[in-house]
Amino acid sequence: MKNYLLASLMVTAIALTHLPTSHAQFENLVRHLPNKANTLVLFNMEQIMASPLAVQQKWKENEQAKFAAGLMMVPPQALHLAIASQMDIELMQPRWHASVMDLTEEPDMLTVTERHGGNVDTISRQDAAVLPNNTYVVKFGKSIAGVMYPADRQQVAVWIDDVFSMTDRKPLTPYLLAAEDFADKKDVPIILAMDLKHLLSPQFIRHQLTQMKSLQGKKADLDQLATALSSVRGVTLGIEISDHVTGGLKIDFDEDISATKDFAKALILETLGSHGVMLKEFKDWQVQVGTKEMLLKGSLQSSGIQRVFSLFDMPPGFQPLPNSSSTASASTSTDSKKPDPKLMAHATQQYFKSINLLINDLKHEDQEHQTTTPGLEAIWYAKYAAKIDALPILHVDPEMVTFATQVSGALRQSQNAMRSAGARTASRMMNMPDAQVYNYKYAAGAGAHYGPYYDSIGGAYAYRYQYNPRASLRQDGEQLAQIQQQETSKGYASANNIMQEIAISTTEIRRKMTEKYQIEF
């Protein structure tokens, strides 16, 4: 199953072996990206599909069905895909994101709206379409299409005008350009890079270092370490595919960080965990520390890749729906507003598969990828609920759409259960008897800018980093551990109960739809 998910994630429908390898395959795509991105993702489907693993596991088979079911994020018609976003690094949520892909066929906006709903448009003399999931699709050329979220028409117009303003434009930051150049020259098929320059101040990092378990008992000059770490330029994850999948996580700095050699891995893992992006594979990766870079390398499983790329929304597909085309649509009788039953059965089946995949993957991640706090685990419930809400519903059975709405609502209840566990932990820690006075003003400020739930809870920073200077002064570790264990157990118990209810509802809707359409769901 893991190999199947990995294959599905990276599969494509196109036979690419007849195309010549290019050492600048992303250069033209990158030129079409918007300005001011701090995150870049690249997929070289040509190289992925030529890998021994892809050939052995027949990744090209049933590619359109897998994409429709949400089992892969690259549209089957795409040869290369570049995604850029302006990411809120602390929340791990994009303020906006855009993708550009070169296709094997000319993108057609009417076909896109037939598959996903929405309306065709024309922006700055370019064919476009606005979709129900708050995205715009733009035709940039005969074989190049772009997608932007959110669907801000003015912002899309500025993007289009920028793209056609000059032929040699370079919209990316120097760090992201270096990542794109690395992908081209080293033939790395999958790249994820984040520009982190000027993200955090030395003062903020210095404050956090005093709370990090990975530094307890270590002889480290925290002032010097904070200065060095605040010089971080960015982080790049590269994924290579041969007969297996390996990854490398590189963190680049402007200052000398060689003094971290003895505790670099523990420091990296704790930091990743505190941001909710810890993968179990990272624990087994080997670390290397140079003068101005840290490098983790090791094997990757499909579940880890799935979680990393769940941070990004997949672009829409461009292939017409089965039994549907512009011509067929135009010739449909105006007396009947109901779609072809076979078309509804197919759309509903694929929609259900997409939901079921996300539910199963989330349950798998809960078992293997527990993050350091229940509040951070709640992030993934919210992300997967949002992915279900964003699935295309055109021609889907209304009863199945209702089921999906109930599932996404239940996942948000699980999110609230986990998030509340973190809040209760913080409250109990702050009300421990004989504790010192907490610096609330600083905590609220930190929560407003750095906490993962500041827009709904406020000063969440306290429990996110498990920061309690009063307990630190009292050295009351046993009581803190007991509080955290109790509240975490309550949060997970509530979330698990909700997931069990989802499982029961899933079985029931599968039975109903199978009986109704006489196909296996």
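Residues numbered from 1 in each chain as written. Predicted model: local features only at pLDDT ≥ 70, side-chain atom pairs only at ≥ 80, totals over all residues. Heavy atoms only, no water.

K.L.:
Could you give me a rundown of the packing of helix 9 (residues 202-209) against helix 10 (residues 222-229), with the residues and numbers involved?
P.N.:
The packing of two helices is summarised by the inter-axis angle and the distance between the axes. Taken N-terminus to C-terminus, the directions of helix 9 and helix 10 make an angle of 130°; their axes are 8 Å apart at the nearest point. Comparing their axes, helix 10 and helix 9 come out oblique. Helix-helix and strand crossings are classified by hand; for helix 9 and helix 10 the assignment is right-handed. Within the contact between the two elements, helix 9 uses Pro202, Ile205, Arg206 and Leu209 and helix 10 uses Leu222, Asp223, Leu225, Ala226, Thr227 and Leu229. When grouped by side-chain class, the residues that make up the contact of helix 9 with helix 10 number 7 nonpolar, 1 polar and 2 charged. (Axes fitted to C-alpha atoms, helices over the stretch in contact; angles between N-to-C directions. Helix = DSSP H or I, 4+ residues; strand = E, 2+ residues; numbered from the N terminus. Parallel < 35°, antiparallel > 145°, perpendicular 65-115°, else oblique. Left-handed = near helix turned anticlockwise from the far one by under 90°. Contact = heavy atoms within 4.5 Å. Nonpolar A, V, L, I, M, F, W, Y, C, P; charged D, E, K, R; others polar.)

K.L.:
Give a detailed account of the nonpolar core, specifying residues and quantitative values.
P.N.:
Among the nonpolar cores identified, the biggest contains 60 residues, and Phe43, Ile48, Leu209, Leu229 and Met294 are the most heavily contacted of them. Here Met294 is in contact with Leu229, Leu249, Lys250, Ile251, Phe253, Ile257, Thr260, Ala264, Ile268 and Gln288, once residues within four sequence places are set aside. Listed in part, the 32 residues of the second largest apolar core include Leu29, Leu40, Leu42 and Val188. (Core = buried A, V, L, I, M, F, W, Y, C linked by side-chain atoms within 4.5 Å. Buried < 20%, exposed > 50% of the residue type's maximum accessible area, 1.4 Å probe, protein only.)

K.L.:
I'd like to hear about the pairing of strand 7 (residues 144-149), residue by residue, with values.
P.N.:
With 5 of 6 residues buried, strand 7 lies mostly within the body of the structure. Alignment of strand 3 (residues 93-103) against strand 7, held across 6 bridges, turns out to be antiparallel. Bridging across to strand 7, Ala98 finds its partner in Met148. Alignment of strand 6 (residues 135-139) against strand 7, held across 4 bridges, turns out to be antiparallel. Along strand 7, the bridge assignment pairs Tyr136 with Met148. (Pairing = 2+ DSSP bridges.)

K.L.:
Give a description of unusual backbone geometry that names residues and reports values.
P.N.:
Residue Pro150 follows Tyr149 across a cis peptide bond; omega there is -5°. The phi torsion at Lys36 lies on the positive side, around 70°, for a residue other than glycine. The exposed category is assigned to Lys36, whose relative accessible area is 67%. With a phi close to 55°, Asp187 is a non-glycine residue in the positive phi region. Relative to the helices and strands, Asp187 resides in the loop between helix 8 (174-186) and strand 8 (190-195). By relative accessible area, Asp187 is classed as partly exposed at 23%.

K.L.:
So, the packing of aromatic side chains: which residues are in play, and what are the values?
P.N.:
Two aromatic rings, taken as a pair, are described by how far apart their centres are and by the angle between their planes. Scanning all chains against the criterion turns up 6 aromatic pairs. Summarising the aromatic geometry, the rings of Phe140 and Trp159 are spaced 5.1 Å apart at their centres and angled 65° between planes, so their arrangement reads as edge-to-face. Pair noted here: Phe140 is in the loop between strand 6 and strand 7 and Trp159 is in helix 7 (residues 153-163), with a separation of 19 residues, a long-range link. Using a relative accessible area of 6% as the deciding quantity, one classes Phe140 as buried. For Trp159, a relative accessible area of 2% translates into the label buried. Consider the rings of Tyr517 and Phe521, whose centres lie 6.3 Å apart with planes at 35°: the pair is tilted. Residue Tyr517 is classed as buried on the basis of its relative accessible area, which comes to 15%. The exposure class assigned to Phe521 is buried, which follows from its relative accessible area of 9%. Among the aromatic side chains, those forming a connected cluster through ring pairs are Phe352, Phe403, Tyr517 and Phe521. (Phe/Tyr/Trp six-rings, centres within 6.5 Å; stacked < 30°, edge-to-face > 60°.)

K.L.:
Outline the sheet that holds strand 1 (residues 39-44), listing residues and values.
P.N.:
Within the open sheet, the 12 strands sit side by side as 4-5-6-7-3-2-1-8-9-10-12-11. Their pairing is antiparallel. Strands with a single pairing partner mark the edges of an open sheet, and in this sheet they are strand 4 (119-123) and strand 11 (286-289). Strand-to-strand twist across the sheet, computed as the mean angle between neighbouring axes with direction ignored, equals 15°. Sheet strands in contact with helix 7 are strand 3, strand 4, strand 5 (126-131), strand 6 and strand 7, and its direction is about 50° off that of strand 4.

K.L.:
Provide a residue-level description of the pairing of strand 5, including the pertinent values.
P.N.:
Of the pairings in the sheet, the one linking strand 4 to strand 5 comprises 5 bridges and is antiparallel in character. When the bridges of strand 5 are listed, Val120 appears paired with Ala129. Between strand 4 and strand 5, which follow one another and run antiparallel, lie 2 residues, and Ser124 among them has a positive phi close to 50°. Of the strand pairs in this sheet, strand 5 and strand 6 are connected by 4 bridges, and their pairing is antiparallel.

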